[in-house]
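Next come the chains, spelled out residue by residue.
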Amino acid sequence: MGKKRTSNAALFVLMIILSALFLFPIFIVFINSFKTKFSIMGSPFKLPNRETFAGFENYVTGIKSAGIIAAFGRSLFITVLSVLVLALLSSMTAWYLVRVKSAVTKAIYGTFLFSMIVPFQMVMYTMTFVVTKIHFNNPVGIIFVYLGFGAGLSVFMLSGFIKGIPRELEEAAQIDGCNPVQIFFMIVFPILKPTAITVTILNAMWIWNDYLLPYLILGTSNKTLPVAIQIAMQGAYGAVNWGGFMAMLVLAILPIIIFYLFCQRYIIEGVIAGAVKG
Amino acid sequence: MGIYLSFNRFTTVSNAEWVGLENYIKAFSNSDFLNALRFTALFTIVSVITVNVFAFLLAMALTGAVRGKNIFRTIFFMPNLIGGIVLGYIWNLIINGILSYFGVDISYDAKYGFWGLVVLTNWQLIGYMMVIYIAGLQNIPRDLHEAAEIDGATRLQTMKNVTIPMLMPSITICTFLTLTNSFKLFDQNLALTAGAPARKTAMLALDIYNTFYGRAGWQGVGQAKAVIFFLIVALIAFAQLKITSSREVES
């Protein structure tokens, strides 16, 4: 028993060291966000001292210069609306595709599956062209684009779950005089909720962090958070305000970590479910 | 549409002109593309192995009797939620900070970019894969381990004959997840090195992007590269489907 306890203690110490290593990069960004802009490059690992401590100055300039607040709001708007629309429409589609069996629904389902393996680069150029042509290149239009890109995985996961719901429930509701819309909202959707939450979390993580699609479609005039960060770095070669940039990184990381600490259980369960099915 | 256009020369989609296989020939004689193909393949192999080995070891450690398991799991999973662009710049700062002690930076040599990307990918994906391995480990019935112990198996034997075979589904999932994730890497690549030095560290996705938007008249070649990219990804997906479904038949 004594041997086992020491090996566990050793493991515990090892885990603490590894955790420190894992947190180290985030910690570095955090301390650098409080240093003056000239003291970051070259010595990022030094703690701020009296000369290099900048207080909240970086946060003020970082927020002002790059329109971060607007980008943050835009990211939030696009992510929230996209995931809600995706969850609702994918549930309806999946339910219809599972319950109505015909050659057409089979073909549609096959198309959804196929769209999951097509890499973004394959359709990148033509998609951007079409989206611009039909004037969907704005924060509302991009929601429809996300609907298209996200529907594959969402429909796939939801229909896998719907197959397990006994038909009798819906038949009983039908006998009681429910129309299909009522059946969906009163019977099917409540049962689907856990899977719908999983799908929503997976989509939210993806859309919130997505860079290339909003960059191509919305460009630099309607920046989302990742686009704003990339532009702050690329737009000013040689004259990057590192202090402000660090503050931006912290602002980008912080909401996700807070969200994660609150919804940890759902997120991890969602990831497992998504991985096993996808 | 995408496949059709790969046989055309165009600058905007509407002025496409049929050129047959010319784009594919250009793509395969383009040194950037060949380099990206090699770089991506090498990177994918290295990161699939490292990510899965580390994730598996962490999962083993954190299903034992260690105190504070849940806190450790929380910490290891966290980097996974941070977006690729942000991740890239975090590591750009750190790697350049370390390299500055040697008087160089990440764009000095393609080697630095390569290992930088490997470290970044490990940091991002280990926690994710660890969570899947933990779920797999917890699904192994306890009596299997007990039976092995009664039969006098050593820990190494139990690992080889009980744990790993029972964990095969998780191993397959994690292998393919890291495979596709590493293969399609774009944001991290763009933010960490942007291909520097001289596009030597550009991976396939970044190279395709550069061909589309960085070279006038080469959009058709970009599309041809994208079709090749798509074929490789589809091949990986079908391999996964085959392996998973053949296992389902067995069990």
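Note that residues are indexed from 1 along each chain, following the sequence as it is written. Whichever chain is written first becomes A and whichever ligand is written first becomes 1, with later ones labelled in order. Restriction of local features to residues with pLDDT of at least 70 applies here, the model being predicted, together with a cutoff of 80 or more for giving and counting side-chain atom pairs; totals for whole chains, interfaces and linings are based on all residues. Note that water and hydrogens are dropped before the side-chain values are worked out from all heavy atoms of the structure.

**Description of the overall build of chain A**
The secondary structure content of chain A amounts to 12 helices and zero strands. Working definition: helices are DSSP H or I runs of at least four residues, strands are E runs of at least two. Numbering for both runs from the N terminus. When the helices and strands of chain A are read in sequence order from the N terminus, they spell out α-α-α-α-α-α-α-α-α-α-α-α. In chain A, which comprises 278 residues, the proportion classed as buried is 45%. Note on contacts: a residue pair is in contact if any heavy atoms of the two residues lie within 4.5 Å. When contacts within chain A are restricted to residue pairs at least 6 apart in sequence, long-range pairs at least 24 apart make up 71% of them. Throughout this description, buried means an accessible area under 20% of the type-specific maximum (1.4 Å probe, protein chains only), exposed means over 50%, and partly exposed covers the range between.

**Some points on the domain arrangement of chain A**
For every domain, the bounds stem from an assignment made automatically or drawn from a database. For chain A, the assigned domains read domain 1 (1-31) and domain 2 (62-277). Measuring from the centre of the C-alpha atoms in domain 1 of chain A to the corresponding centre in domain 2 of chain A gives 35 Å.

**Describing helix α5 (residues 84-99) of chain B**
What a helix should span is 1.5 Å times the count of its residues minus one. Across its 16 residues, α5(B) extends 22 Å between first and last C-alpha, which sits within 8% of the 22 Å expected from 1.5 Å per residue. With 15 of 16 residues buried, α5(B) is to be regarded as a mostly interior element.

**Side note on helix α9 (residues 168-183) of chain B**
Here α9(B) spans 22 Å end to end across 16 residues, near enough to the 22 Å set by a 1.5 Å rise per residue. Of the residues making up α9(B), those classed as buried are B:Ser170, B:Thr172, B:Ile173, B:Cys174, B:Phe176, B:Leu177, B:Thr178, B:Ser182 and B:Phe183.

**As for the pattern of salt bridges**
For salt bridges, the criterion is a side-chain nitrogen of Lys or Arg within 4 Å of an Asp or Glu carboxyl oxygen. Overall, the coordinates contain five salt bridges over all chains when judged by the stated rule. Among the ionic pairs, A:Arg99 bridges to A:Glu170, the shortest N-O distance being 3.0 Å. Here A:Arg99 is found in helix α3 (residues 68-99), whereas its partner A:Glu170 is found in helix α7 (residues 167-175), with 71 residues between them in sequence. Each member of the pair, A:Arg99 as well as A:Glu170, is classed as buried. With a closest N to O distance of 3.0 Å, B:Lys225 and B:Asp207 form a salt bridge. Pair noted here: B:Lys225 is in helix α12 (residues 219-250) and B:Asp207 is in helix α11 (residues 204-214), with a separation of 18 residues, a long-range link. For the pair B:Lys225 and B:Asp207, a shared accessibility class is recorded, and that class is buried.

**Let's talk about the interface of chain B and chain A**
Contacts between the two partners involve 65 residues from chain B and, on the opposite side, 58 residues from chain A. Buried area: the accessible area, evaluated with a 1.4 Å probe, that two parts lose upon being put together, summed over both parts. Between chain B and chain A, roughly 5,500 Å² of surface is buried when both sides are summed, and carbon and sulfur atoms account for 80% of that area. Together, B:Leu81, B:Tyr89 and B:Leu93 form the three largest contributors to the area buried by chain B at its contact with chain A, with a combined 14%. Within 3.5 Å is the distance limit for a polar contact, defined as a pair of N or O atoms, with the added protein rule that one can donate a hydrogen and the other accept it, and that residues adjacent in sequence qualify only through two side-chain atoms. Taken together, chain B and chain A are joined by seven residue pairs in polar contact (both at pLDDT 80 or more). Here the side of chain B that touches chain A takes 10 residues from α5(B), the largest share from any one element. Ten residue types, Ala, Val, Leu, Ile, Met, Phe, Trp, Tyr, Cys and Pro, are classed as nonpolar, four, Asp, Glu, Lys and Arg, as charged, and the remainder, Gly among them, as polar. Its residues placed into classes, the side of chain B that touches chain A shows 49 nonpolar, 13 polar and three charged.

**Description of the environment of B:Ile90**
Within the secondary structure, B:Ile90 sits in helix α5. A relative accessible area of 0% places B:Ile90 in the buried class. Remark: the alpha-carbon pair of B:Ile90 and B:Leu120, spanning 30 residues in sequence, is separated by 9.3 Å. Once you skip the residues sitting within four places of it in the chain, B:Ile90 turns out to touch A:Pro25, A:Val29, A:Leu249 and A:Ile253.

**Overview of a nonpolar patch on the surface**
Patch building starts from residues that exceed 30% relative accessible area and form no salt bridge, then joins like charges within 9 Å and nonpolar side chains (Val, Leu, Ile, Met, Phe, Trp, Tyr) within 5 Å. With residues, only the protein chains shown are counted as cover, and all accessible areas are computed by Shrake-Rupley using a 1.4 Å probe. Together, A:Leu88, A:Leu89, A:Met92, A:Val181, A:Phe185 and A:Met186 line one region of the surface with nonpolar side chains, adding up to about 520 Å² of accessible area. When contributions to the nonpolar patch are tallied by element, the ones reaching two or more residues are α3 and α8 (180-209) of chain A.

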